[in-house]
Amino acid sequence: MRRSLAKADSNSKQKALLTLFRCLAKYKFMNLIFKALSDPTRRKVLELLRQRPMTAGELSEHFTVSKPTMSAHFATLREAGLIEGGKTGTVITYRLNLSVLEDAILSFTQALGLGAEKPVRDEDVSKDMEKGKIL
Amino acid sequence: MILKQLSGAAVRAFFILVIAFALRSAEHAGLLGEDGARRVFQILIGLGLAIYANGMPKRIGHKIPETQTQIRLFARSQAALRVGGWSMTLAGLVYAGLWAFATLEFANTWSMWVIVSATVITFVYAVWAYASCRSANNA
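Residues numbered from 1 in each chain as written. Chains lettered and ligands numbered in written order. Predicted model: local features only at pLDDT ≥ 70, side-chain atom pairs only at ≥ 80, totals over all residues. Heavy atoms only, no water.

K.L.:
What am I meant to see in the pairing of strand β2 (residues 83–88) of chain A here?
P.N.:
Look at any regular strand and the pattern is simple: side chains alternate between the two faces of the sheet. Residue and element names in this part refer to chain A. For β2 and strand β3 (residues 91–96), the ladder comprises six bridges, and the chain directions are antiparallel. Residue pairing for β3: I83 is matched across the bridge by L96. With antiparallel pairing between neighbouring strands as the criterion, β2 and β3 make up a hairpin whose turn holds two residues, including G89 at a positive phi of roughly 70°. (Pairing = 2+ DSSP bridges. Helix = DSSP H or I, 4+ residues; strand = E, 2+ residues; numbered from the N terminus.)

Right under this line is the structure:
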């Protein structure tokens, strides 16, 4: 009897722990957003897309980094759900997809200049490509 | 899609009724002070508005514009939704804040004005965006 009660108690504890982990896992999405907004280049991309939807080429013209690096930035922003892209022939057009809260976080990080001292460099992207993180 | 939206709205309406009933019962049972139920319910309405308006800029659809005219139109509607989202979110938060901290009389009058102002800002900006699109297309 005691054993079965102890087993039931341990099961309920495990279930509570699992529920807690599930709740915390939901915050992973917010992590993606903060990761996307931590880089000044990506924030600049969002600033440009605030004006109007732009093609990948148009956006890349505003930066000195290589095309694979820009593709990595776009991939990160898409993964976080901050931009949406559509392909017409060979041209990819991106548009903004920010909620009010995400917009506020963007303005806040922009004002604080978070990550300005360490933008993503071409070398970092090359390493990520070697590891297979970027296609 | 419409059925999904309708069922979602029905579920939300049901929850609002349940919350209202629970608050009224709590007030009758003496768990909430005088006007406590009213204040809590108004705060929930304000927060609900803020949450709903938070996603407003994302409700532009998934179609990506292709031509220059489409891009111009898209940019205007995106800006209109952004202005609407911001004004209604802030209005919802101010509404909730007023009902939480202001006197009942003050909150009763000014919370309505906050919502009306946000609605006017949203509407005027949307009309301006539409008119500027039309004039740009005619030019």
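K.L.:
Got a minute to help me understand the packing of helix α3 (residues 40–51) of chain A against helix α6 (residues 100–112) of chain A in this structure?
P.N.:
What describes two packed helices is the angle between their axes and the distance between those same axes. Residue and element names in this part refer to chain A. Running from N to C, α3 and α6 point in directions that differ by 125°, and their axes come no closer than 11 Å. Here α3 is positioned oblique relative to α6, judged by the angle of their axes. As for how α3 packs across α6, the hand of that crossing is left-handed. Facing R43, L46, E47 and R50 of α3, the residues of α6 in contact are D103, L106, S107, T109 and Q110. Its residues placed into classes, the contact of α3 with α6 shows two nonpolar, three polar and four charged. (Axes fitted to C-alpha atoms, helices over the stretch in contact; angles between N-to-C directions. Parallel < 35°, antiparallel > 145°, perpendicular 65-115°, else oblique. Left-handed = near helix turned anticlockwise from the far one by under 90°. Contact = heavy atoms within 4.5 Å. Nonpolar A, V, L, I, M, F, W, Y, C, P; charged D, E, K, R; others polar.)

K.L.:
Before we go on, may I ask you to explain the pattern of salt bridges in this structure?
P.N.:
Note on pairing: side chains with opposite charge can pair once their charged atoms come close. Taken as a whole and assessed by the stated rule, the structure comprises seven salt bridges over all chains. The partner of A:E58 in a salt bridge is A:R52, with the nearest N and O atoms 3.5 Å apart. The shortest N-O distance in the salt bridge between A:R95 and A:E84 comes to 2.9 Å. Linking A:R95 in strand β3 with A:E84 in strand β2, this pair joins segments that are eleven residues apart in sequence. Summarising the burial analysis for this pair, A:R95 and A:E84 share the class buried. Each of A:E47, A:R50, A:D103 and B:R82 takes part in salt bridges that share partners, so that together they form one network. (Salt bridge = Lys/Arg side-chain N within 4 Å of Asp/Glu carboxyl O. Buried < 20%, exposed > 50% of the residue type's maximum accessible area, 1.4 Å probe, protein only.)

K.L.:
So what exactly am I meant to see when it comes to the interface of chain A and chain B here?
P.N.:
One frequently used descriptor of interface size is the decrease in accessible area upon assembly of the parts. Taken residue by residue, the interface counts 21 residues in chain A and 19 residues in chain B. Carbon and sulfur atoms supply 57% of the area that chain A and chain B bury against each other, a total of about 1,700 Å² over both sides. For the interface between chain A and chain B, the tally reads two salt bridges. Inspection of the chain A/chain B interface yields seven residue pairs in polar contact (both at pLDDT 80 or more). Among the elements of the structure, α3, β2, β3 and α6 of chain A are those that each provide at least two residues to the side of chain A that touches chain B. No other element matches the five residues that α6(A) contributes to the side of chain A that touches chain B. Classifying every residue of the side of chain A that touches chain B by side-chain character gives seven nonpolar, eight polar and six charged. (Buried area = accessible area lost by both parts, 1.4 Å probe. Polar contact = N/O pair within 3.5 Å; in protein donor to acceptor, adjacent residues only side chain to side chain.)

K.L.:
I tried to follow the sheet that holds β3(A) on my own but got confused; where do I start?
P.N.:
Backbone-to-backbone hydrogen bonds pair the strands of a sheet. The strands run either parallel or antiparallel. Residues and elements named next belong to chain A. Pairing in this open sheet of three strands is antiparallel, and the strands run β1-β3-β2 from one edge to the other. Each edge of the sheet is formed by a strand with only one pairing partner; in this case those strands are β1 (54–55) and β2. Strand contacts of helix α5 (residues 67–79): β2 and β3, with the helix running at about 120° to β2, the strand carrying the most contacts.

K.L.:
What is the right way to read the environment of B:A136 from this model?
P.N.:
All names here are of chain B. Within the element layout of this structure, A136 appears in helix α4 (residues 104–138). Owing to a relative accessible area of 31%, A136 belongs among the partly exposed residues under this scheme. When the C-alpha positions of A136 and L73 are compared, they lie 9.6 Å apart, and in sequence the two are 63 residues distant.

K.L.:
It is not clear to me how α4(B) should be interpreted in this structure. Could you clarify?
P.N.:
Structurally, the α-helix is built with 3.6 residues per turn, so residues lying three or four positions apart point the same way. Between its first and last C-alpha, α4(B) extends 51 Å over 35 residues, near the 51 Å set by a 1.5 Å rise per residue. In this structure, the buried residues of α4(B) make contact with α2 (36–54) and α3 (68–101) of chain B. (Expected span 1.5 Å × (residues − 1).)

K.L.:
Can you help me understand the pairing of β3(A) in this one?
P.N.:
Bridge count for β1(A) against β3(A) is two bridges, and the pairing is antiparallel. Along β3(A), the bridge assignment pairs A:T55 with A:T93.

K.L.:
Before we go on, may I ask you to explain the nonpolar core in this structure?
P.N.:
Here is a general trend for soluble globular proteins: nonpolar side chains tend to be buried in one another's company. With 22 residues, the main nonpolar core has A:V45, A:L46, A:L49, A:L59, A:F74 and A:L82 as its most contacted residues. For this core, the secondary structure elements donating two or more residues are α2 (28–37), α3, α4 (56–60), α5, β3 and α6 of chain A. It is α3(A) that contributes the most residues to this core, four residues altogether. Those residues in contact with A:L82, other than ones at most four positions away along the chain, are A:I33, A:A36, A:L37, A:L46, A:L77, A:R95, A:L96, A:N97, A:L98 and A:E102. B:M88, B:Y95, B:W99 and B:A102 belong to the second-largest nonpolar core, a separate cluster that totals eleven residues. (Core = buried A, V, L, I, M, F, W, Y, C linked by side-chain atoms within 4.5 Å.)

K.L.:
Explain the packing of α3(B) against α4(B) here, please?
P.N.:
All names here are of chain B. Where α3 contacts α4, the two axes come as close as 9 Å, and the packing angle between them is 175°. What the angle tells us is that α3 and α4 run roughly antiparallel. By residue class, the composition of the contact of α3 with α4 is 25 nonpolar, nine polar and two charged.

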